[in-house]
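One-letter residues, chain by chain:
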Amino acid sequence: MDKPAIQYVVEEAVASGMTDIIMITGRGKRAIEDHFDKSYELEHKLRESGNSEALAEVQKIASMADIFYIRQKEQLGLGHAILCAKKHVGNEPFAVMLGDDIVVNDRPCIGQLVEAFEQVKASVVGVEQVPKSRIQRYGVIKGKRFRDDLYKVEDLVEKPTPEEAPSDLAIIGRYVFQPEIFSFLEKIGPGMGGEYQLTDAMRLLCRKHGLYGLKFKGRRFDIGSKADWVRATIALSMERKDLADELRLSPDLFKKR
Ligand code: G1P
């Protein structure tokens, strides 16, 4: 479509009241900075051609939030990526949102987690029931139902086989952490796949400070998977007034030529 996936994630953060966003990027990802930057040339062209709708959209992107960028110089894993932001986050609770998970709901997913965090005064991670056949792609929690859709986490395993998985509740890329997670990220060594795994630090955090899993409300697309990326593109396009009618699929589309 006309909007990069990362913008959905930023919009979710902004809709949840977040004003400061730190993006951990790396080599070859400069296009992200350019996308969220003010675009003088484009604004000028759109103003001249009288395309006020597109102009408003471009201006909205540049003013969505204060976005700061940190480059992770080596790909040492998710745990290491988060640790890169330690100095800038300081001693405050913060949210982590992974760019390859898009969650759609009227009440933004990370906002639901923040609400739960404020109630239980402990770190909260988003979880979703996943069929056993796909469980090996995720971190998985072992937990006891605390109330409604909130689980008290007792243990976590990163990418278990279906036989080893302690439940069918997979961790998705939404977290709200107490700042103590940083000290645990500093303690862990390389884990699964030689990478610094966030799940290993969460395990230590869980034992010492407690951790909850929230079965959030919303539709999640794991756009790291090709099929889900296509699904997300179709589903989100069909929700757009300016695209839905034109997109109505005609049976012709599936005819072999
Ligand atoms: C990461 C985490 C995993 C989590 C997943 C959610 O894995 O390590 O615990 O379930 O994100 O998308 P990755 O997708 O980086 O392999």
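For the structure, see preceding data.
Presented here is a report on the structure given in the accompanying data block. Counting starts from 1 at the beginning of each chain's written sequence and moves along it residue by residue. In view of the model being predicted, local features appear only for residues whose pLDDT reaches at least 70, and side-chain atom pairs are presented and counted only at 80 or more, with totals across whole chains, interfaces and linings using the full set of residues. With hydrogens and water excluded, all non-hydrogen atoms of the structure serve as input to the side-chain values.

### Focus on the site of the ligand
Okay, so step 1: For this description, a residue counts as near a given molecule or strand if any of its non-hydrogen atoms is within 4 Å of it. Near the ligand, the surroundings consist of Leu-78, Leu-98, Asp-101, Tyr-138, Gly-139, Glu-158, Lys-159, Ile-171, Ile-172, Gly-173, Gln-197 and Thr-199.
Okay, so step 2: Between the ligand and the protein, one listed contact pairs an oxygen atom with a side-chain N or O atom of Lys-159 at 2.8 Å.
Okay, so step 3: Identification of polar contacts relies on pairs of N or O atoms within 3.5 Å, with a donor-acceptor requirement for protein atoms, meaning one able to donate a hydrogen and the other able to accept it, and with residues adjacent in sequence counted only if both atoms are side-chain atoms. Between Ile-171 and the ligand, the recorded distance is 2.6 Å, taken from a backbone N or O atom to an oxygen atom.
Okay, so step 4: What counts as a helix is a DSSP run of H or I of at least four residues, what counts as a strand is a run of E of at least two, and both are numbered from the N terminus. Sort the elements by how many residues they give to the shell around the ligand and strand S8 (residues 169-177) lands first, with 3 residues.
Okay, so step 5: Residues that form the shell around the ligand fall into these classes: 5 nonpolar, 4 polar and 3 charged. All residues other than Ala, Val, Leu, Ile, Met, Phe, Trp, Tyr, Cys, Pro, Asp, Glu, Lys and Arg, Gly among them, are scored as polar; the first ten of these are nonpolar and the last four charged.

### Some remarks on the pattern of salt bridges
Okay, so step 1: Here, a salt bridge means any Lys or Arg side-chain nitrogen found within 4 Å of an Asp or Glu carboxyl oxygen. Per the stated rule, a full pass over the model turns up 17 salt bridges.
Okay, so step 2: With a closest N to O distance of 2.9 Å, Glu-128 and Arg-220 form a salt bridge. Here the residue Glu-128 occupies a position in strand S5 (residues 123-129), and Arg-220 occupies one in strand S10 (residues 219-222), the gap between them amounting to 92 residues. Like Arg-220, Glu-128 is buried.
Okay, so step 3: Across the pair Glu-239 and Arg-219 runs a salt bridge whose closest N-O atoms are separated by 2.3 Å. With Glu-239 in the loop between helix H10 (226-238) and helix H11 (241-247) and Arg-219 in strand S10, this residue pair connects regions lying 20 residues apart in the sequence.
Okay, so step 4: Each residue is placed in one exposure class: buried if its accessible area under a 1.4 Å probe, protein chains only, is under 20% of its type's maximum, exposed if it is over 50%, and partly exposed if it falls in between. A relative accessible area of 38% means that Arg-219 is categorised as partly exposed.
Okay, so step 5: Counted as one network, the salt bridges with shared partners bring together Lys-38, Glu-43 and Arg-47.

### Some remarks on the side chain of Arg-220
Okay, so step 1: Assessed through its relative accessible area of 11%, Arg-220 is described here as buried.
Okay, so step 2: A polar side-chain atom of Arg-220 sits 2.7 Å from a polar atom in the side chain of Asp-101.
Okay, so step 3: Among the polar contacts made by the side chain of Arg-220, one reaches the side chain of Tyr-138 at a distance of 3.0 Å.
Okay, so step 4: Ignoring sequence-local partners within four residues, the contact set of Arg-220 consists of Asp-101, Ile-102, Val-103, Glu-128, Val-130, Tyr-138, Ile-172 and Asp-228. Any two residues having at least one pair of non-hydrogen atoms within 4.5 Å are treated as being in contact.

### Quick look at the side chain of Thr-25
Okay, so step 1: Assignment of secondary structure puts Thr-25 in strand S1 (residues 20-25).
Okay, so step 2: The exposure class of Thr-25 is buried, given its relative accessible area of 4%.
Okay, so step 3: Sequence-distant contacts of Thr-25, that is, excluding residues within four places in its chain, are made with Tyr-69, Ile-70, Arg-71 and Gln-72.

### A word on unusual backbone geometry
Okay, so step 1: In this structure, Lys-121 takes a positive phi of about 55° despite not being glycine.
Okay, so step 2: Within the secondary structure layout, Lys-121 lies in the loop between helix H7 (109-120) and S5.
Okay, so step 3: By relative accessible area, Lys-121 is classed as exposed at 62%.
Okay, so step 4: Of note, the phi angle at Lys-159 is positive, near 45°, even though the residue is not glycine.
Okay, so step 5: Residue position: Lys-159 is located in the loop between strand S7 (150-158) and S8.

### Focus: the packing of helix H3 (residues 40-48) against helix H4 (residues 52-62)
Okay, so step 1: Packing of H3 against H4 brings their axes to within 8 Å, and their N-to-C directions diverge by 160°. By the angle class used here, H3 and H4 are roughly antiparallel. As H3 runs across H4, the sense of the crossing is left-handed. Of H4, the residues touching H3 (which contributes Leu-42, Glu-43, Leu-46 and Arg-47) are Ala-54, Leu-55, Val-58 and Gln-59.
Okay, so step 2: Tallied by class, residues from the contact of H3 with H4 come to 5 nonpolar, 1 polar and 2 charged. Simply put, an axis is a line fit to the C-alpha atoms, just over the touching stretch for a helix, and the angle between two N-to-C directions goes from 0 to 180 degrees. An angle counts as roughly parallel when it lies under 35 degrees, as roughly antiparallel when it exceeds 145, as roughly perpendicular when it falls between 65 and 115, and as oblique in every other case. Helix crossings get a hand from a simple test, with the near helix turned counterclockwise from the far one by less than a right angle marking a left-handed crossing and a clockwise turn marking a right-handed one.

### Brief notes about the packing of aromatic side chains
Two measures describe an aromatic ring pair: the distance that separates the ring centres and the angle between the ring planes.
Okay, so step 1: Within 6.5 Å between ring centres, the rings of Phe, Tyr and Trp (the latter by its six-membered ring) count as paired, and their orientation is classed by plane angle as stacked under 30 degrees, edge-to-face over 60, tilted in between. By the definition in use, this model includes 4 aromatic pairs.
Okay, so step 2: Centroid distance Phe-94 to Phe-177: 6.0 Å. Interplanar angle 50°. Geometry classified as tilted. Highlighted residues: Phe-94 in strand S3 (residues 94-97) and Phe-177 in strand S8, separated in sequence by 83 residues.
Okay, so step 3: Residue Phe-177 is classed as buried on the basis of its relative accessible area of 0%.
Okay, so step 4: Relative to Phe-182, the ring of Phe-94 lies with its centre 4.9 Å away and its plane at 5°, an arrangement referred to as stacked. Taken together, the residues Phe-94 in strand S3 and Phe-182 in helix H8 (residues 181-187) connect sequence positions 88 residues apart. Across this residue pair, the class does not change: Phe-94 and Phe-182 are buried.
Okay, so step 5: Members of the aromatic cluster, each reached through a chain of ring pairs, are Phe-94, Tyr-175, Phe-177 and Phe-182.
Okay, so step 6: Over the face of the ring belonging to Tyr-8 we find Lys-3, whose NZ or CZ atom lies 4.4 Å from the ring centre.
Okay, so step 7: In our convention, an over-ring charge means Lys NZ or Arg CZ found within 6 Å of a ring centre and within 35 degrees of that ring's normal. Positioned over the ring face of Tyr-40 is Lys-38, at 5.4 Å from the centre of the ring.

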